[in-house]
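Below, each chain spelled out in residue letters.
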Amino acid sequence: MATDPPIFRGSKEPLDADFWLHTIEEKFGLIQCNDQEKVNYTAHQLRDAAGAWWHGYKAQVGEGHHVTWAEFREAFRAYHIPKSVLNTKRDEFRRLRQGNKPVMEYVNTFNYLAQYALEDVNTDEKKQDHFMNGLSLKLQSHLSTTDFRDFNDMVSKAIKAEYKMNAFENENRKIDMENRKRAASSSTGELDVFVVIFIDDVLIFSKTEEEHAEHIRIVLHKLHNHRLYAKFSKCEFWLKEVAFLGHILSENGVVVDPSRVKDVLDWKQP
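Here the structure is a predicted model, which means the values were calculated and not measured. Think of each chain on its own: its residues are numbered from 1, step by step along the sequence as written. Totals for whole chains, interfaces and linings use every residue, but because this is a predicted model, local features are given only for residues with pLDDT of at least 70 and side-chain atom pairs only at 80 or more, for both listing and counting. Remark: hydrogens and water are excluded; side-chain values derive from all non-hydrogen atoms of the structure.

(A) View of the nonpolar core. By nonpolar core we mean a set of buried residues, namely Ala, Val, Leu, Ile, Met, Phe, Trp, Tyr and Cys, connected to one another through side-chain atoms within 4.5 Å. Relative accessibility thresholds used throughout: buried, under 20% of the residue-type maximum; exposed, over 50%; partly exposed, between the two (1.4 Å probe, protein chains only). Counting 22 residues, the largest nonpolar core has Phe93, Phe110, Phe131, Leu135 and Leu143 as its most contacted members. In what follows, a contact means two residues having at least one pair of non-hydrogen atoms within 4.5 Å. Apart from residues lying up to four places away in sequence, phenylalanine 131 is in contact with Val103, Tyr106, Val107, Phe110, Phe151, Met154, Val155 and Ala158. Within the second largest apolar cluster, 20 residues are counted, among which are Ala17, Phe28, Ala43 and Trp53.

Here is the structure:
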């Protein structure tokens, strides 16, 4: 056809159907057609699942029934744009949070779902409020004293703030890694003598309680000198037995942790 009407094959997204129907109605402004011709014109563009729906609808209303445009529009929207789905999408928008997503991914999801909650974003101020409330707490805190010209300015500044925060965190991680390396290199005299380090686990072992007290003092002093600190709630001291890297270490030696091989030991002979 000269008006180049779009084909509709069905969609999981209600707004796709709504957009298609709106486009078809715009085409009516380019052609002269009566009510029945509008239905025929539109139905001709339905394919696959959407076409099957139309054939089923015609069979339901009966062969002699002439479907008006108002009836077609109402039936089409009821089937392809159900109110329950629209409400679900609206609620999904209202619950949307950035979480661990990058700002750009959050923005894209925000703009997509906002189409289902137009009453919540029908002013720029409302849009900014919803967007800010969904940002991570770190970004909210970083942007709390910032002024924004409009929604787009808020998005731009959120992206810039995220970049700076990530750069700062990456730099801190590099510094922390360098400190760990220096601590490890400067403690080669103690490594494997009375201390073992695996990533962020530190194991101190001694023959006597007196030695152990001195070994703990040396290790903590080394950590302090390199600005490395242990979280007290995760520390355990004066243990007679400890599980470490899949083994049990005690005064009797080193054995495999039984919990790690339980399934093998309990394996029934076929």
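Back to the text.
(B) Region of interest: the side chain of aspartate 120. The topology assignment puts aspartate 120 in the loop between helix 6 (103–114) and helix 7 (124–134). We classify aspartate 120 as buried; its relative accessible area is 11%. Polar contact is defined as a pair of N or O atoms within 3.5 Å, subject to the rule that within protein one atom must be able to donate a hydrogen and the other to accept it, and that residues adjacent in sequence are counted only when both atoms are side-chain atoms. At a separation of 2.6 Å, a polar atom in the side chain of aspartate 120 contacts the side chain of arginine 94. Excluding residues within four positions of it along the chain, aspartate 120 makes contact with Phe93, Arg94, Lys126, Lys127 and His130. Every helix listed is a DSSP run of H or I at least four residues long, and every strand listed is a run of E at least two residues long, numbered separately from the N terminus.

(C) Examining the pattern of salt bridges more closely. Any Lys or Arg side-chain nitrogen found within 4 Å of a carboxyl oxygen on Asp or Glu counts as a salt bridge. Taken as a whole and judged by the stated rule, the model has 12 salt bridges. Taking the shortest distance from any N to any O, the salt bridge between arginine 77 and aspartate 18 comes out at 2.5 Å. Linking arginine 77 in helix 4 (residues 69–80) with aspartate 18 in helix 1 (residues 14–27), this pair joins segments that are 59 residues apart in sequence. Aspartate 18 gets classed as partly exposed once you look at its relative accessible area, which sits at 27%. Between aspartate 120 and arginine 94 there is a salt bridge, with the nearest N and O atoms lying 2.6 Å from each other. In this pair, aspartate 120 is assigned in the loop between helix 6 and helix 7 and arginine 94 in helix 5 (residues 83–95), connecting sequence segments 26 residues apart. Where salt bridges share partners, they join Arg94, Glu119 and Asp120 into one cluster.

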